[in-house]
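These are the residues of each chain, in order.
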Amino acid sequence: MDSPYPDGVVVATTSIESWRGPSHPVELVVWVARNAPSVERFDCVRSWMREGASLIFGGKAAPELPAGFSLASARWFTRDEARYRLVELGSEGDLFVGHLRAV
């Protein structure tokens with residue numbers, strides 16, 4: 001995990017299973033998953049968070065809403081190859097980004 005961020009922020013840049021998590025609960029976790037994560041991985045990430053904290057999750061698919069979280073917002077994006085950027089869509093695309101709150 002990267003840690004040049006303010007105290008209370010975790011940016012997951014490696015596999016969740018290869019890291020034990022922060023030493024104390026945090027307010028914000030940013031997690032980009034290559035594959036659809038298991039329920040156990042969401043449980044692990046939730047254990048790092050304070051109640052009311054935010055998880056910004058990005059992946060190829062929208063996960064089923066895991067226990068311990070509520071969905072604050074969700075967006076789908078697709079690649080615009082001609083302009084080398086992401087374009088927001090109303091529904092399914094190449095990248096799902098969700099804002100989940102720890103409950």
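Presented here is a report on the structure given in the accompanying data block. Computed from a prediction, not measured in an experiment: that's the story for all the values here.

## As for the sheet that holds strand β2 (residues 26-32)
Pairing is mixed in the open sheet, where 6 strands are placed in the order β1-β2-β3-β6-β4-β5. Either end of the sheet is taken by a strand with one partner, and the two such strands are β1 (9-12) and β5 (85-89). Averaged over all adjacent pairs, the angle separating strand axes in this sheet is 20 degrees, with direction ignored. Both strand β4 (residues 69-80) and strand β6 (residues 95-102) contribute to a ladder of 8 bridges, which runs antiparallel.

## Structural notes on the pattern of salt bridges
Within the structure shown, the criterion is met by 2 salt bridges. With a closest N to O distance of 3.1 Å, Glu27 and Arg50 form a salt bridge. Of the two residues, Glu27 is situated in strand β2 and Arg50 in strand β3 (residues 49-59); the sequence distance between them amounts to 23 residues. What makes Glu27 partly exposed here is its relative accessible area of 38%.

## Here we look at the layout of surface pockets
The space that makes up the largest pocket amounts to roughly 290 Å³. If you go around the largest pocket, you meet 14 residues; those closest to its centre are Ser15, Ile16, Trp31, Ala33 and Arg34.

## Topic: the pairing of β3
Here β2 runs beside β3; their pairing, made up of 6 bridges, is parallel. Bridging across to β3, Val29 finds its partner in Leu55. For the segment spanning β2, helix α1 (residues 39-47) and β3, crossover handedness is right-handed. In this sheet, β6 lies alongside β3 in antiparallel orientation, the contact comprising 6 bridges. Residue pairing across strands places Leu55 opposite Leu100, the latter belonging to β6.

Cut-offs and rules
Residues numbered from 1 in each chain as written. Predicted model: local features only at pLDDT ≥ 70, side-chain atom pairs only at ≥ 80, totals over all residues. Heavy atoms only, no water. Pairing = 2+ DSSP bridges. Helix = DSSP H or I, 4+ residues; strand = E, 2+ residues; numbered from the N terminus. Axes fitted to C-alpha atoms, helices over the stretch in contact; angles between N-to-C directions. Salt bridge = Lys/Arg side-chain N within 4 Å of Asp/Glu carboxyl O. Buried < 20%, exposed > 50% of the residue type's maximum accessible area, 1.4 Å probe, protein only. 1 Å grid on protein atoms, 1.4 Å probe; cavity = no way out; pocket = protein on both sides within 12 Å on 5 of 7 lines; lining within 4 Å. Points joined across faces, edges and corners; volume = space filled by probe spheres on them. Right-handed = clockwise from strand over helix to strand, strands pointing away.

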